[in-house]
Amino acid sequence: MPLCRILDESHRVYVDRYFPASLKKASGYRYRVLLGVGGNIGDTRRRMNHLWIYLGRVPRVCRIRSGVILRNPPFGFTEQHDFDNTVIEIGTSLEPKALLRLIWRIEKRFGRRRSFANAPRTLDLDILFFENRSINTAELSIPHLHWRERASVTIPLGSLAHRNIRRKYENFDI
């Protein structure tokens, strides 16, 4: 059973089976990537646990660590359920656009349907950071736009209990 801590009237932190977790180093992989994970349809915390297990089976991905799960209100389209959000650090040798295509396939596998911007969703995966790269194309922005302003990123990111996390992404002022 997950543990819950109430931060304020609209934010709760959950500690679940795999959140937070810390595994081995990503030896053999060229890049370290930080993914944002979220969703608000169905049992999202259970789905996040299934995602953690699934990522362990993806041949081109190595799970490194995960943060706590934050329940927080939606933004943009606010007439929907609260979101559960976390972060997962992975190792990969895929280039950013190839990783993005893999992420889209994973979202689809977990029932994601794209209807409109900020719509409710079963699973949302975003590339927050890809090493220290900066990319700005129509389909991909790294680092993720507005990450600093979102508790859905900053609180789970802050929970990553690893002394090197600041050094890894120091160019982005975490």
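Residues numbered from 1 in each chain as written. Predicted model: local features only at pLDDT ≥ 70, side-chain atom pairs only at ≥ 80, totals over all residues. Heavy atoms only, no water.

**Q** In this structure, what is going on with the overall build of the chain? I would like to understand it.
**A** A count of helical and extended segments in the chain gives four helices and ten strands. Listed N to C, the secondary structure of the chain is β-β-β-β-α-β-β-β-α-β-β-β-α-α in terms of helices and strands. The 174 residues of the chain split such that 49% are buried. A separation threshold of at least 6 residues defines the contact pool for the chain, and within that pool the share at least 24 residues apart is 74%. Total accessible area on the chain stands at roughly 9600 Å², and carbon and sulfur atoms take up 49% of it. (Helix = DSSP H or I, 4+ residues; strand = E, 2+ residues; numbered from the N terminus. Buried < 20%, exposed > 50% of the residue type's maximum accessible area, 1.4 Å probe, protein only. Contact = heavy atoms within 4.5 Å. Areas by Shrake-Rupley, 256 points an atom, 1.4 Å probe, with all protein chains shown as cover.)

**Q** What's the story with the nonpolar core in this structure? I'm lost.
**A** The nonpolar side chains of soluble globular proteins are, as a tendency, buried together. One finds Val33, Leu51, Ile88, Leu99, Ile106 and Ile127 to be the most contacted residues of the largest nonpolar core, which totals 31 residues. Within the residue set of this core, elements represented by two or more residues are β4 (31-39), α1 (44-55), β7 (83-92), α2 (96-109) and β8 (124-130). Ranked by residue count, the leading element in this core is α2, at five residues. Leu128, Phe129, Trp147 and Leu160 belong to the second largest nonpolar core, which has eight residues in total. (Core = buried A, V, L, I, M, F, W, Y, C linked by side-chain atoms within 4.5 Å.)

**Q** So what exactly am I meant to see when it comes to empty space enclosed by the protein here?
**A** Empty space among the atoms becomes apparent when a probe as large as a water molecule is rolled across them. Enumeration according to the criterion identifies one cavity of 30 Å³ or more in this entry. Considered as a void within the structure, the largest cavity measures approximately 30 Å³ in volume. In this structure, the largest cavity is lined by Leu35, Leu55, Val61, Ile90, Leu99, Leu102, Ile103 and Ile106. Sort the elements by how many residues they give to the lining of the largest cavity and α2 lands first, with four residues. Residue composition of the lining of the largest cavity, grouped by class: eight nonpolar, no polar and no charged. (1 Å grid on protein atoms, 1.4 Å probe; cavity = no way out; pocket = protein on both sides within 12 Å on 5 of 7 lines; lining within 4 Å. Points joined across faces, edges and corners; volume = space filled by probe spheres on them. Nonpolar A, V, L, I, M, F, W, Y, C, P; charged D, E, K, R; others polar.)

**Q** Before we go on, may I ask you to explain the side chain of Arg121 in this structure?
**A** Following the sequence through the fold, Arg121 ends up in the loop between α2 and β8. Arg121 gets classed as buried once you look at its relative accessible area, which sits at 13%. When residues no more than four places from it in sequence are discounted, the contact partners of Arg121 are Gly39, Asn40, Ile41, Phe83 and Arg112.

**Q** Even after reading the chapter, I still don't get a positive patch on the surface, so can you show me in this structure?
**A** A contiguous patch of positive charge on the surface is contributed by Arg60, Lys97, Arg101 and Arg105. Structurally, the position occupied by Arg105 is in helix α2. Residue class for Arg105 comes out partly exposed when judged on its relative accessible area of 48%. (Patch = residues over 30% accessible without salt bridge, like charges linked within 9 Å, V, L, I, M, F, W, Y side chains within 5 Å. Salt bridge = Lys/Arg side-chain N within 4 Å of Asp/Glu carboxyl O. Lys, Arg positive; Asp, Glu negative; His and termini not counted. Charge placed at Lys NZ, Arg CZ, Asp CG, Glu CD.)

**Q** Whenever I open this one, the packing of aromatic side chains confuses me. Can you help?
**A** What describes a pair of aromatic rings is the distance from one ring centre to the other and the angle between the planes of the rings. One pass over the structure, following the stated rule, counts five aromatic pairs. Taking the centre distance of 6.4 Å and the plane angle of 25 degrees together, the rings of Tyr18 and Trp52 count as stacked. Placement of Tyr18 in the loop between β2 (11-15) and β3 (21-22) and of Trp52 in helix α1 is noted, with a sequence separation of 34 residues between them. Ring centres of Tyr31 and Phe130 lie 4.9 Å apart, and the angle between their planes is 50 degrees; on these two criteria the pair is classed as tilted. Taken together, the residues span a long stretch of sequence, with Tyr31 in strand β4 and Phe130 in strand β8 at a distance of 99 residues. In this structure, Tyr31 and Phe130 share a single accessibility class: buried. Counting every residue linked through ring pairs, the aromatic cluster contains Tyr18, Phe19 and Trp52. (Phe/Tyr/Trp six-rings, centres within 6.5 Å; stacked < 30°, edge-to-face > 60°.)

**Q** How should I be thinking about the environment of Arg65 in this particular structure?
**A** Residue position: Arg65 is located in strand β5 (residues 61-66). A sequence separation of 46 residues divides Arg65 from Phe19, and the C-alpha atoms of the two residues are 8.5 Å apart. Within the local environment of Arg65, its side chain forms a polar contact with the side chain of Glu89, the two groups lying 2.3 Å apart. (Polar contact = N/O pair within 3.5 Å; in protein donor to acceptor, adjacent residues only side chain to side chain.)

**Q** Would you take a moment to explain the confidence of the model for the chain for this structure?
**A** Interpretation of this model should avoid reading the predicted coordinates in detail wherever pLDDT is low. Across the chain, the average pLDDT comes to 86, with 89% of residues at or above 70. For the stretch residues 162-174, pLDDT sits under 50, and the model shows 30 contacts to residues farther than four places along the chain or on other chains. (pLDDT = per-residue confidence, 0-100.)

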